[in-house]
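Inside the fold
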Amino acid sequence: MIFTNPHGAPELACDHCGCRWVDRLKGVAYCYECGEEITAAAIEEFQRALVEFSARTGGQQDDAS
């Protein structure tokens, strides 16, 4: 699941519970809230969303808000 924060940047979230806290230190991503694995497909989708966001913003975030 991908959320968009108030600045328009994508944030990865758990498909099962929506938690945005993910443990990535074990080589496999797991949700801190429910313990479900974050799938490789979800991580790939998030990476694409980051690339698209960077292309739209030119790598710059608007700090005026």
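For the structure itself, consult the block above.
Below you will find a few notes about this structure. Keep in mind it's a predicted model, so treat the numbers as computed, not measured. (Residues numbered from 1 in each chain as written. Predicted model: local features only at pLDDT ≥ 70, side-chain atom pairs only at ≥ 80, totals over all residues. Heavy atoms only, no water.)

Description of the packing of aromatic side chains
One pass over the structure, following the stated rule, counts 0 aromatic pairs. It is Arg20 that lies over the ring of Phe3; its NZ or CZ is 5.6 Å from the centre. (Phe/Tyr/Trp six-rings, centres within 6.5 Å; stacked < 30°, edge-to-face > 60°. Lys NZ or Arg CZ within 6 Å of the ring centre and 35° of its normal.)

Comments concerning the nonpolar core
With 9 residues, the main nonpolar core is built from Leu12, Cys14, Cys19, Val22, Ala29, Cys31, Ile38, Ala42 and Phe46. In contact with Cys14, other than residues within four places in its own chain, are Met1, Cys19, Cys31, Cys34, Glu36 and Ile38. (Core = buried A, V, L, I, M, F, W, Y, C linked by side-chain atoms within 4.5 Å. Buried < 20%, exposed > 50% of the residue type's maximum accessible area, 1.4 Å probe, protein only. Contact = heavy atoms within 4.5 Å.)

Digging into the environment of Glu37
With respect to the element layout, Glu37 can be found in the loop between strand S4 (30–31) and helix H1 (40–57). Classification of Glu37 as partly exposed rests on a relative accessible area of 44%. Expressed as a C-alpha distance, the spacing of Glu37 and Cys14, which sit 23 residues apart in the sequence, is 8.2 Å. (Helix = DSSP H or I, 4+ residues; strand = E, 2+ residues; numbered from the N terminus.)

A short note on the pattern of salt bridges
Considering all chains together, one arrives at 1 salt bridge under this definition. Across the pair Glu11 and Arg20 runs a salt bridge whose closest N-O atoms are separated by 3.1 Å. Judged by relative accessible area, Glu11 falls into the partly exposed class, the value being 22%. (Salt bridge = Lys/Arg side-chain N within 4 Å of Asp/Glu carboxyl O.)

With respect to H1
An ideal rise of 1.5 Å per residue puts 26 Å on 18 residues; H1 measures up with 26 Å between its terminal C-alpha atoms. Regarding H1, the residues found buried are Ala42, Phe46, Ala49 and Phe53. An end-on view of H1 places all buried positions within 60 degrees of arc, on one side of the element. H1 presents Ala40, Ala41, Val51 and Ala55 as exposed residues on the side facing more than 90 degrees away from its buried surface. Turning to H1, the residues buried within the fold contact strand S1 (2–4) and strand S2 (10–12). The positive-phi residue at the C-terminal boundary of H1 is Gly58, with phi of around 65 degrees. (Expected span 1.5 Å × (residues − 1). Arc of directions from axis to C-beta.)

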